[in-house]
Amino acid sequence: MTLISFVVPAFRVQGYLRECLDSILGQPETDIEVIAVDDCSPDASGDIIDEYAARDQRVSSVRLPENVGLGPARNIGLDRAVGEYVWFLDGDDWLAPECLTEVAERLRVTRPDVLLVDHVRTHWNDTVTRSAMAEVFPESPGPGTFRLRDRPEAMHLLHTAWNRLVRREFLLDLGLRFAPGWYEDVSFSYPVLMAARRIGVLDRVCVNYRQRRAGAITRTRGDRHFEVFPQWHRVFHLMDSWGAATEALRPTVFERMIWHYLTVLGNGQRIAPELRPAFFAQITADYERWLPPGGYPVPDGVEGIKHKLVASGRWRTFSALRAASRARDAARRQARTARRKVAPVARRGARLTRDGLLREYYRAELRRPVDPTLAVYAAYWYRGYSCNPAAIYEVARRLAPGVRGVWIVRRDRVDSVPDGVEYVVAGTPAYYRVLARARWLVNNVNYPDFVRKRPEQVHVQTHHGTPVKVMGLDQQRYPVGAGRMDFAGLLRRVDRWDYSVSANSFSTQMWDRAYPATYTTLEVGYPRNDRLVTAGPDEVRRLRADFGLDPDEQVVLYAPTHREHLPGYRPPFDPDRFVRALGDSGRLLMRSHYFHDRDRRPGQPRDWERVRDVSGHQRVEDLYLVADVLVTDYSSAMFDYAVLDRPIVLYTPDWEAYRLARGVYFDVTAEPPGAVAATFADLLDLFRTDEVRSDAAAKAREHFRARFCTLDDGRAAERVVRQVFLGEQGERSTRC
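Residues numbered from 1 in each chain as written. Predicted model: local features only at pLDDT ≥ 70, side-chain atom pairs only at ≥ 80, totals over all residues. Heavy atoms only, no water.

Brief notes about the packing of helix α15 (residues 387-399) against helix α28 (residues 716-724)
Point 1. Two numbers describe how α15 lies on α28: the axes approach to 9 Å, and their chain directions differ by 60°. Here α28 runs oblique to α15, going by the angle between their axes. Between α15 and α28 lies a crossing whose hand is right-handed. In contact with Ala391, Ile392, Val395, Ala396 and Leu399 of α15, α28 contributes Ala717, Glu718, Val720, Val721 and Arg722.
Point 2. In terms of residue class, the contact of α15 with α28 is made up of 8 nonpolar, no polar and 2 charged. (Axes fitted to C-alpha atoms, helices over the stretch in contact; angles between N-to-C directions. Helix = DSSP H or I, 4+ residues; strand = E, 2+ residues; numbered from the N terminus. Parallel < 35°, antiparallel > 145°, perpendicular 65-115°, else oblique. Left-handed = near helix turned anticlockwise from the far one by under 90°. Contact = heavy atoms within 4.5 Å. Nonpolar A, V, L, I, M, F, W, Y, C, P; charged D, E, K, R; others polar.)

Here is the structure:
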């Protein structure tokens, strides 16, 4: 018999589900199965589950035709489980490395009905909060088992389904199922403990309980939080049906109920102010209904006062004390902030510099009406006219002629703006004016921190590549690669987004994780790749002629990415040796941060007739179109170039170091878009033997394209324009 059946429901967890499944399947203990239940999720969760099931026989995929909710989805997984124990793990949480070895050993040795395991709360800002395990059990309970009546303090552990493994036969004999609705853990977790004859505790952190910045019900206001009441009612009805067997536990259960109700009420992110009196009234009603005849252990201090106010139904007093406590806490925070902001008088003095005056001008412009016809575009920190914003701009001129598009560029990049394109120079009064008054703000990076997004404005974040390296909040786990990034500032900028353009499902999943906020995702393909789809042979011939490339020459584009954590890094690449390996008809175009300086240095090419530095060329799409082969490493260029279905070679001499220091989302050397070379000698051999065009390389590219390029059909920019500028309904999945 399989030892552990993991039941993993999935709904809107596409950004986290891979980490969850990897944390299970990567454990040393392999006597497991995973029943992953797609609860008709509107994102790519179901596709991710199918992907894992296709490559690992331990994973079973269950796709539900309609959304049933977390509790019923768990029940469906339970019905399919065959393991001796069942572990209900949520799709956005994940296991600690190697924890399963100790869990499995404890299960095999002690055979408990329920095994409680420890967890930590892992917050979006990469901080960790310990659970209450050490407080509940100051001394380790050891490997023995107990009944709840002997250790009732176990009820003070968090009442979730995922911090306990339950013996499946015990659960089936008990006939206990998850109830529908929110707070479904309550009517499962407490009864399981009360009915168990053998409870074990493993004081080892096994679960990372993700505290999501957006999307969690604990951060969702609404009247559905009233569903906590019927869940607790089910607990007491079960106790009534079980009779004397659980009567001694009633005071402790009652105290937990009131504690939980007050916790929900006290969370300002759950209960809106107008709903709090009614919620409090229901607490009082349940207090009167379920109060044990002999009373219960009332907490000391402030918590005890809350219980007494609930018992007497004194909402106004409760509310006033709550407001006073919050005001006192706010005053303390303000005092701490004021102390931190104390600075020398010279630094506090106002300085009427030009920048200061322009910022004042910007604030004045914010008070003027938004221009309903103005769209502002920018790319790569104002470095010119390019990338996804340029593609969107060009289609908007055609489909939305009533929208006036204006570009922001640096003064030294003005010459790169095509004729007929209106622009303003960054830092000028016109720059501040358009930022303050534009209806639409379109950029492939974030606008500066001073930019204030007005309610009438629409911010479109187009991004500028499918990510290989980790981005956003995920960089917190890789401090070497993240440098001195201000993550709090990043999130303030992300909160300005209304739309996030995504090239593929994989990008959508990663952006959900890296940039948690409430924007709408436009998974439409990359607008900048439209040209790669629509360009015909005539345009390619014209471009090659413009670059001075003969039709019969083999043109290789070498485009490595930069290393933020290694500013001076130069890849081991010898252009002269490379073009010799290409043969007499070979030409090399190099686009890299590392070859801007044309001074003769060791490693610089001597044969400039066959080697050209194209780092300064504004439109990278031109380079893709003229190249017969792309050589890159971890750059998003591979995803764009794959649209052309031409050979791609990954040259990855520092893969392990890059992966460990910078962090990556997937192993490009294991799932490459073509041939892979780890050394320069290997790279030369690939071209000498023409392995770059082998059947194996072609099959790898086909798989890569199927995963990342299916949306690039030449209409991505049109889809963005129609939804963002014209207000047309976007193309949606027909699933729930």
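The rest of the description comes next.
Some thoughts on the packing of aromatic side chains
Point 1. Applying the stated rule across the entire model yields 49 aromatic pairs.
Point 2. Between the aromatic rings of Tyr558 and Phe573, the centroid separation amounts to 4.0 Å while the plane-to-plane angle is 15°, which identifies the pairing as stacked. Residue Tyr558 is found in strand β17 (residues 554-558), and its partner Phe573 is found in the loop between β17 and α22 (575-582); the two are separated by 15 residues along the sequence.
Point 3. By way of ring pairs, the aromatic residues Tyr558, Phe573, Phe578, Tyr651, Phe680 and Phe687 are connected into one cluster.
Point 4. A cation sits over an aromatic face here: Arg707 above Phe666, 5.3 Å from the ring centre. (Phe/Tyr/Trp six-rings, centres within 6.5 Å; stacked < 30°, edge-to-face > 60°. Lys NZ or Arg CZ within 6 Å of the ring centre and 35° of its normal.)

Digging into the sheet that holds strand β18 (residues 586-590)
Point 1. Read across the open sheet, the 6 strands follow the order β19-β18-β17-β20-β21-β22; overall the sheet is parallel. Either end of the sheet is taken by a strand with one partner, and the two such strands are β19 (611-613) and β22 (675-677). Taken pair by pair, the neighbouring strands of this sheet meet at an average axis angle of 20°, ignoring direction.
Point 2. Summarising the sheet, strand β21 (residues 648-651) and β22 pair through 3 bridges and their orientation is parallel. Along β22, the bridge assignment pairs Val649 with Ala675. (Pairing = 2+ DSSP bridges.)

Digging into the pairing of strand β11 (residues 404-409)
Point 1. For β11, the buried fraction is high: 5 of the 6 residues fall into the buried class.
Point 2. Sheet topology note: the strand β10 (residues 371-378)/β11 ladder contains 4 bridges and is parallel. Each residue of the ladder has a partner; that of Leu374, found in β11, is Arg404.
Point 3. The parallel pair β10 and β11 is bridged by α15, and the resulting crossover is right-handed.
Point 4. Note: β11 against strand β12 (residues 423-425), 3 bridges, orientation parallel. The partner of Trp407 across the bridge, within β12, is Tyr423. (Buried < 20%, exposed > 50% of the residue type's maximum accessible area, 1.4 Å probe, protein only. Right-handed = clockwise from strand over helix to strand, strands pointing away.)

Overview of the nonpolar core
Point 1. Core analysis: the largest hydrophobic core is formed by 89 residues, its most contacted members being Tyr377, Tyr515, Leu557, Val724 and Phe725.
Point 2. At 7 residues, the largest contribution of residues to this core is made by α15.
Point 3. Residue contacts for Val724: discarding those within four places in its chain leaves Trp440, Val458, Val460, Tyr499 and Leu522.
Point 4. Residues Phe88, Leu249, Val253 and Trp290 belong to the second largest nonpolar core, which totals 62 residues. (Core = buried A, V, L, I, M, F, W, Y, C linked by side-chain atoms within 4.5 Å.)

Quick notes on helix α27 (residues 695-708)
Point 1. Here α27 spans 20 Å end to end across 14 residues, near enough to the 20 Å set by a 1.5 Å rise per residue.
Point 2. Those residues of α27 not exposed but buried are Ala697, Ala700, Arg701, Phe704 and Phe708. Down the axis of α27, the buried set is contained in an arc of 100°. They therefore lie on one face. Every exposed residue of α27 that faces more than 90 degrees away from the buried side is listed here: Asp695, Lys699, Glu702, His703 and Ala706.
Point 3. Residues of α27 that are buried in the fold lie against α19 (505-514), α24 (637-641) and β22. (Expected span 1.5 Å × (residues − 1). Arc of directions from axis to C-beta.)

Quick notes on the pattern of salt bridges
Point 1. Using the criterion set out here, one finds 56 salt bridges in the structure.
Point 2. When the shortest N-O distance is used, the salt bridge between Glu394 and Arg619 registers 3.7 Å. With a gap of 225 residues between them, Glu394 in helix α15 and Arg619 in the loop between β19 and α23 (620-626) connect regions that are remote in the sequence.
Point 3. The class of Glu394 is partly exposed, set by a relative accessible area of 37%.
Point 4. With a closest N to O distance of 3.2 Å, Glu728 and Arg722 form a salt bridge.
Point 5. Judged by relative accessible area, which is 27%, Arg722 ranks as partly exposed. (Salt bridge = Lys/Arg side-chain N within 4 Å of Asp/Glu carboxyl O.)

Regarding the pairing of strand β8 (residues 164-167)
Consecutive side chains of a regular strand alternate in pointing toward one face of the sheet and then the other.
Point 1. Pairing between strand β4 (residues 85-88) and β8: 3 bridges, direction antiparallel. Bridging across to β8, Trp87 finds its partner in Leu165.
Point 2. As paired elements, strand β6 (residues 114-123) and β8 share 3 bridges and run antiparallel to each other. Among the inter-strand pairings, Leu115 is bridged to a residue of β8, identified as Leu165.

Honestly, that's just the spatial picture; any functional story needs more than this.
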